[in-house]
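Here is how the chains run, residue by residue.
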Amino acid sequence: MKSIDLDKIKAAWKNEKAFESFKLSEADIQGFLGKRSKDISQLFRTGLFMDLVLKSLVGISLIGILVIFRENLNLILVVSAILLGLLGAIRYQWRMMGKIPEGNIPDPVIRTSLENKILFYHRHYKKALYVGALSNSLLILSGMLYYFYFKYGEIRPFQWDDYLVFGATMVLGFVIGAFVQIKQLNFQIKQLESCLKEIDEETISTITLRDQRNKKRRMIFIVLLALVCGLLLLAYFIFR
Amino acid sequence: MIHERTHQHFLELIHKHQSIIHKICFVYSNNRPDREDLQQEIILQLWKSFPSFQESSAFSTWMYRVALNTAINQTRRPGLLIDTSSSPEIPYDPSDSYQLSEEIQILFRAISKLKKVERAIVLLWLEERSYEEIAEAIGITVKNVSVKLVRIRSRLAELISKFQ
């Protein structure tokens, strides 16, 4: 192996004239300012915003259900309860948007910026993804009720297999919605975690990571349990 | 009026110090499209962070910190059907670096084999930043910088020797 004089390379770096030849004009720079950021914080923000829009649309469609089935007291009670829950979820997602870390403000330290993003994702954003995935189930529920209205003009009594099909569709909507987003974000967060690990192995202690994993498992279990109970309760009130 | 003045001031500063952006883009991207994406992201983040820039510190120092932070925080998105458990390395493509001297092209090829934070440390070392400045930018101790640099320099020399 040849012996390399790094100080000579450092001098060559200092004297490299080509760096000055890659010139962007002020107009080019101006052009970049109008583009969209691809930073992960922006990804969090866009995800939350899209979910807020979807939840609002679901809310409007559920209000429509209240108007259409205004004679059906049981349905009104159930849909009103869902709407209240939806409002809570919208408030939660809205507040979450304010917590998204801005990496470069005021003076960026690489380790702090990485820590902030990773911890935000594990502590807050994953919960927000589960809350977000509920929009899918509610969208399916709302679509189902509109389907009944337009096809039959009423909600017809369910057989056991109807419960199974509609219940499974709603649960699937939730699971797929959460799974796809978590899979995608995990892929990106892992890249940030490997940088943090590179800077300092002790930055996020093993204990903290284990706690985060346990909290995540508990959260998935609680949300799934709540969803199944909600579905059963809803079905009972509507079709008893 | 104030906004317009700030905007113009920003454009002038970036125009003047843009070589920093180009160097970082060469260090962190292995091909032209990635370099252009990173260039755009860095300029965007610099603009977003510009209100926090304090004139008491050197603009180039602040610019290095924001730009490096942006480059390190850049993540690749998973493809629709790819295995997300691993992240394959993108090979170094020198097609648009023909203007650079051969020595520097080899240096960039060697740097492309280093990890992200190692690249930041090498870049700041090449730019003759003090150990204190490097430590502050990364968020580690000066002693840690010194230990890391010994290891990184040795690895870099090994890689350059291999590519020469």
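Source: prediction; values computed, not measured. (Residues numbered from 1 in each chain as written. Chains lettered and ligands numbered in written order. Predicted model: local features only at pLDDT ≥ 70, side-chain atom pairs only at ≥ 80, totals over all residues.)

Participant: For this particular structure, what's the right way to read the overall build of chain A?
Facilitator: Per the secondary structure count, chain A includes 8 helices and 0 strands. From first element to last, N terminus to C terminus, chain A shows the α and β order α-α-α-α-α-α-α-α. Over its C-alpha trace chain A gives a radius of gyration of 25 Å, far above what one expects of a compact globule, namely 18 Å for 240 residues. Principal-axis analysis of the C-alpha atoms gives chain A an extent of 85 × 50 × 35 Å. Put simply, chain A has 240 residues, and 24% of those count as buried. At a minimum sequence separation of 6, the contacts of chain A that also span at least 24 residues come to 83%. (Helix = DSSP H or I, 4+ residues; strand = E, 2+ residues; numbered from the N terminus. Rg over C-alpha atoms; globule rule 2.2 N^0.38 Å. Buried ≥ 20, exposed ≤ 12 C-beta atoms within 10 Å, placed from the backbone. Contact = placed C-beta atoms within 7 Å.)

Participant: Can you walk me through the packing of helix 3 (residues 26–33) of chain A against helix 3 (residues 32–49) of chain B in this structure?
Facilitator: Between two packed helices, what matters for the description is the angle formed by their axes and the separation of those axes. Packing of helix 3 of chain A against helix 3 of chain B leaves a shortest axis separation of 8 Å and a crossing angle of 80 degrees. As judged from the angle between their axes, helix 3 of chain A and helix 3 of chain B are roughly perpendicular. Note on element contacts: helix 3 of chain B touches helix 3 of chain A through Gln40, Ile43, Leu44 and Trp47 of chain B, opposite Ile29, Phe32 and Leu33 of chain A. Taken together, the residues of the contact of helix 3 of chain A with helix 3 of chain B sort by class into 6 nonpolar, 1 polar and no charged. (Axes fitted to C-alpha atoms, helices over the stretch in contact; angles between N-to-C directions. Parallel < 35°, antiparallel > 145°, perpendicular 65-115°, else oblique. Nonpolar A, V, L, I, M, F, W, Y, C, P; charged D, E, K, R; others polar.)

Participant: Looking at this structure, I do not really get the nonpolar core. What am I missing?
Facilitator: Across soluble globular proteins, nonpolar side chains have a tendency to be buried as a group. In terms of nonpolar packing, the biggest core is built from 81 residues, with Ile24, Ala67, Leu68, Ala120, Ile121 and Ile138 of chain B touching the most fellow members. Counting residues per element, this core draws most heavily on helix 6 (residues 110–152) of chain A, at 15 residues. Two domains each donate at least three residues to this core, and these are domain 1 (1–77) and domain 2 (101–164) of chain B. For Ile138 of chain B, the contacting residues outside a window of four places in its chain are Ile110, Arg111 and Ile199 of chain A together with Val117, Ala120 and Ile121 of chain B. (Core = buried A, V, L, I, M, F, W, Y, C linked by C-beta atoms within 7 Å. Domains from an automatic or database assignment.)

Participant: I would appreciate a short explanation of the domain arrangement of chain B in the present structure.
Facilitator: Frequently, the measure chosen for interface size is the accessible area removed from exposure when the parts meet. Residue and element names in this part refer to chain B. Partitioning chain B into structural domains gives domain 1 (1–77) and domain 2 (101–164). One C-alpha centre belongs to domain 1, the other to domain 2, and the line joining them spans 20 Å. Across the boundary between the two partners, domain 1 contributes 11 residues, which contact 11 residues of domain 2. Within the residue set of the side of domain 1 that touches domain 2, elements represented by two or more residues are helix 2 (18–28) and helix 4 (59–73).

Participant: In this structure, what is going on with helix 4 (residues 40–68) of chain A? I would like to understand it.
Facilitator: In an α-helix, one full turn covers 3.6 residues, which means residues spaced three or four apart are oriented alike. For helix 4 of chain A, with 29 residues, the first-to-last C-alpha span of 42 Å sits near the 42 Å given by 1.5 Å per residue. Buried residues of helix 4 of chain A: Ile40, Phe44, Gly47, Leu48, Asp51, Lys55, Val58 and Ile65 of chain A, and no others. Along its buried surface, helix 4 of chain A packs onto helix 5 (73–98), helix 6 and helix 7 (160–199) of chain A together with helix 4 of chain B. (Expected span 1.5 Å × (residues − 1).)

Participant: When you look at unusual backbone geometry in this model, what are you seeing that I'm missing?
Facilitator: Keep in mind that most residues, glycine aside, have a negative phi and that most peptide bonds are trans. Residues and elements named next belong to chain B. For Glu128, which is not glycine, the phi dihedral falls at a positive 60 degrees. Counting through the fold element by element, Glu128 comes out in the loop between helix 6 (116–126) and helix 7 (131–138). Under the C-beta neighbour-count criterion, Glu128 is labelled exposed, with 10 such atoms within 10 Å.

Participant: Is there a simple way to explain the interface of chain B and chain A in this structure?
Facilitator: Listed per partner, the contact involves 50 residues of chain B and 47 residues of chain A. For the side of chain B that touches chain A, the elements supplying multiple residues, two or more each, are helix 1 (2–16), helix 2, helix 3, helix 4, helix 5 (102–111), helix 6, helix 7 and helix 8 (142–163) of chain B. Sort the elements by how many residues they give to the side of chain B that touches chain A and helix 3 of chain B lands first, with 9 residues. Per-class residue counts for the side of chain B that touches chain A are 21 nonpolar, 18 polar and 11 charged.

Participant: Would you explain the packing of helix 5 of chain A against helix 6 of chain A in this entry?
Facilitator: Residues and elements named next belong to chain A. For the pair helix 5 and helix 6, the least separation of the axes is 10 Å and the interaxial angle reads 145 degrees. Crossing of helix 5 against helix 6: the hand is left-handed. Along its contact with helix 5, which presents Ile82, Leu86, Ala89, Tyr92, Gln93 and Met96, the element helix 6 presents His124, Ala128, Val131, Gly132, Leu134 and Leu138. (Left-handed = near helix turned anticlockwise from the far one by under 90°.)

Participant: Is there a simple way to think about the environment of Gln105 of chain B in this case?
Facilitator: All names here are of chain B. Tracing the backbone shows Gln105 in helix 5. According to the C-beta neighbour criterion, Gln105 is partly exposed, with 18 such atoms within 10 Å. Linking Gln105 and Phe163, residues 58 residues apart in sequence, is a C-alpha distance of 10.0 Å.

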